[in-house]
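What the coordinates show
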Number of protein chains: 2
Amino acid sequence: MDSDTDARIQSIGGGSLLIAWQLKDKNVLIVGGGEVASQRIESILTADAHITVVSPEHGLNARTRRFIELRKDRVVHHDREFSGPEELDGMDMVLTALDDNDLSRQIVETSRSRRIPVNAADIPDLCDFYFGAQVRDGPLQIMISTNGNGPRIASLIKTKIQHALSGQEGEAIIKVGKLRSKLKERARGVGGPLGRARMKWMSGLCNTWELEDFAVMDESAMDKILDEGWEKNARVPTVEEIGISRPRRKEIIPTATILPTSIGFLAGALVAAFVIHCTRKL
Amino acid sequence: MDSDTDARIQSIGGGSLLIAWQLKDKNVLIVGGGEVASQRIESILTADAHITVVSPEHGLNARTRRFIELRKDRVVHHDREFSGPEELDGMDMVLTALDDNDLSRQIVETSRSRRIPVNAADIPDLCDFYFGAQVRDGPLQIMISTNGNGPRIASLIKTKIQHALSGQEGEAIIKVGKLRSKLKERARGVGGPLGRARMKWMSGLCNTWELEDFAVMDESAMDKILDEGWEKNARVPTVEEIGISRPRRKEIIPTATILPTSIGFLAGALVAAFVIHCTRKL
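Residues numbered from 1 in each chain as written. Chains lettered and ligands numbered in written order. Predicted model: local features only at pLDDT ≥ 70, side-chain atom pairs only at ≥ 80, totals over all residues. Heavy atoms only, no water.

**Description of helix 2 (residues 35-46) of chain A**
Residue and element names in this part refer to chain A. Put simply, the rule is: Labels follow the DSSP assignment, with helices taken as runs of H or I lasting at least four residues and strands as runs of E lasting at least two, numbered in each case from the N terminus. Multiplying one less than the number of residues by 1.5 Å gives the expected span of a helix. Residue exposure (1.4 Å probe, protein chains only): buried if accessible area is under 20% of the type maximum, exposed if over 50%, otherwise partly exposed.
Compared with an ideal rise of 1.5 Å per residue, which puts 12 residues at 16 Å, helix 2 spans 17 Å between its outermost C-alpha atoms and is within 8% of the ideal. Listed in full, the buried residues belonging to helix 2 are Ala37, Ser38, Arg40, Ile41, Glu42, Ile44, Leu45 and Thr46. Looking at the residues trailing helix 2, positive phi occurs at Asp48, about 60°.

Rendered as structure tokens:
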């Protein structure tokens, strides 16, 4: 709590509130059917919502068509131009993906007056929220936002993040979730000292083990973790104790080692031969 | 558009909609003043909103107190328990951070009836949206969501991501934004073929240059990029042409090279000496 912290607190600002919006079985209206609309459909399908696409048939791109064909369970298409405010009845979110900015503005105004969250593609000042580049691995979702300062850069950063992940993060999250459920079966109750003890133990485990260790836990490993850890005074067992065999990264000797070793060998041999050759002559 | 894509499209779902919510100068009510409340205050301050904290003085933790003291420009504190639905008047978002689940539920119901987005800490099924682990670097914001499956794992993944970033991403985003503004000054107009040409050129540049190259651009480098690139038939100039001196990672010969080379040298020398020794004896 020094002055540095004060300065930091005083400077907080200038960003957005990044959140994971819940749309399960909610209704989302998408006005438009082109490239942006197809991106929106994918994002909204991810969140298990029901989607109404309003766009004349000729305004649909191939991908939007495909979503309409293949996801009849979630996507309804109305082959018409946006017809008026009644299109917004019962909607929980509205997204416009139109070239017609005036129409977009009208739709945004109506949505606002009804307090329906709204996003208008390419008109940031009209948006209640922005989209961003996304990474998905099962239960793991990552969003990269440049706060409207360039989607291309967001995509470069997305690539960096994808390279940094092992691809086992989603699996690890699922397994830790299962372990937590098993723990709750053994130590029932909501909140209170028990709740805090559970949380503390899970935290200790997550801070000690590596993410990839969790990804390879099976049912019996989970039981063993609980038997050897939670049941024994809530200690944190080691990976070795549990006998989890994490698929270590393949121990291939990299070229970066073979090459200098070979060069060194050759150099050593030549120098030795030369030295011996010289000493023989003496 | 093969059957693989079909299968992928059919399997999309099970997640949230990750978005960057805009709260500039909006009003956010936070009910509660403890640890969770202080986290919420930080998130909401990041988005430049006005915050009303409703909590009895004794319910405030040190960090919440600090925000109230240091950010009088944005944070108002009412030293009382939540008094009723009128507290929600004029609010654009409501967050509860209470131990009292019944009160939380009441506040959520009132918020819902007024269509105010609401989050109740620790009661996921009552939330319009979830929070997640966050990384911030100026205009860059990254959110890691495990969709309610464990904040600890989110924090492990956050650390991975922080290690993968160079720390120059925020600066790169700002500079690319400036370059884009300069481009728009030279090639004015919204949308149409010119808009598409601008977008295509910026994309080309972002796909060719590295993020760290953008971070070190100064005004004159930006002008040169426009002169040598955009003005010359919208070609993409190289980093070398522009004469940008990116701070390359220090070219230290790593131990991983020195060691195998030395071992190789020694082994080579010994083998050569041995061979010569043997041949001499013959």
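On we go from here.
**Some remarks on the sheet that holds strand 8 (residues 133-137) of chain B**
What counts is decided by this rule: Any two strands with at least two DSSP bridges between them are considered paired. Helix axes are fitted to C-alpha atoms over the stretch in contact, other axes to C-alpha atoms as well, and angles between N-to-C directions run from 0 to 180 degrees.
Taken together, 4 strands build an open sheet; the order of strands is 8(A)-9(A)-9(B)-8(B) and the sheet is antiparallel. Strands at the two margins of the open sheet, each flanked by one partner only, are strand 8 (133-137) of chain A together with strand 8 of chain B. The mean angle between the axes of side-by-side strands here comes to 10°, regardless of whether they run parallel or antiparallel.

**With respect to the sheet that holds strand 7 (residues 129-130) of chain B**
Here we have 4 strands laid out as an open sheet, ordered 7(A)-1(B)-1(A)-7(B), and antiparallel in their pairing. Each edge of the open sheet is held by one strand with a lone partner, namely strand 7 (129-130) of chain A together with strand 7 of chain B.

**A few points about the packing of aromatic side chains**
Threshold: Two aromatic rings from Phe, Tyr or Trp, using only the six-membered ring of Trp, form a pair when their centres are within 6.5 Å; if the ring planes differ by under 30 degrees the pair is stacked, by over 60 it is edge-to-face, and anything between is tilted.
As enumerated under the stated definition, the model contains 9 aromatic pairs over all chains in all. Ring geometry for Phe129(A) against Trp21(B): centres 5.7 Å apart, planes inclined by 10°, an arrangement best described as stacked. You can see Phe129(A) sitting in strand 7 and its partner Trp21(B) sitting in strand 1 (residues 17-21), one on each of two chains. A ring pair is formed by Phe129(B) and Phe131(B), whose centres lie 5.7 Å apart and whose planes are at 65°; its orientation type is edge-to-face. As far as burial versus exposure is concerned, Phe129(B) and Phe131(B) are alike and both buried.

**Brief notes about the environment of Arg186(B)**
Residues and elements named next belong to chain B. Just so we agree on the cut-off: Should any heavy atoms of two residues lie within 4.5 Å, those residues are counted as being in contact. Polar contacts, as used here, are pairs of N or O atoms within 3.5 Å; protein pairs need one atom able to donate a hydrogen and one able to accept it. Residues neighboring in sequence count only if both atoms are side-chain atoms.
Tracing the sequence through the fold places Arg186 in helix 6 (residues 169-186). The spacing of Arg186 and Ile107 is 79 residues in sequence and 52 Å in space, taken between C-alpha atoms. In this structure, Arg186 is in contact with Asp223, Leu226, Asp227 and Glu231, ignoring residues within four places of it in sequence. Within polar-contact distance, the side chain of Arg186 engages the side chain of Asp227 at 2.9 Å.

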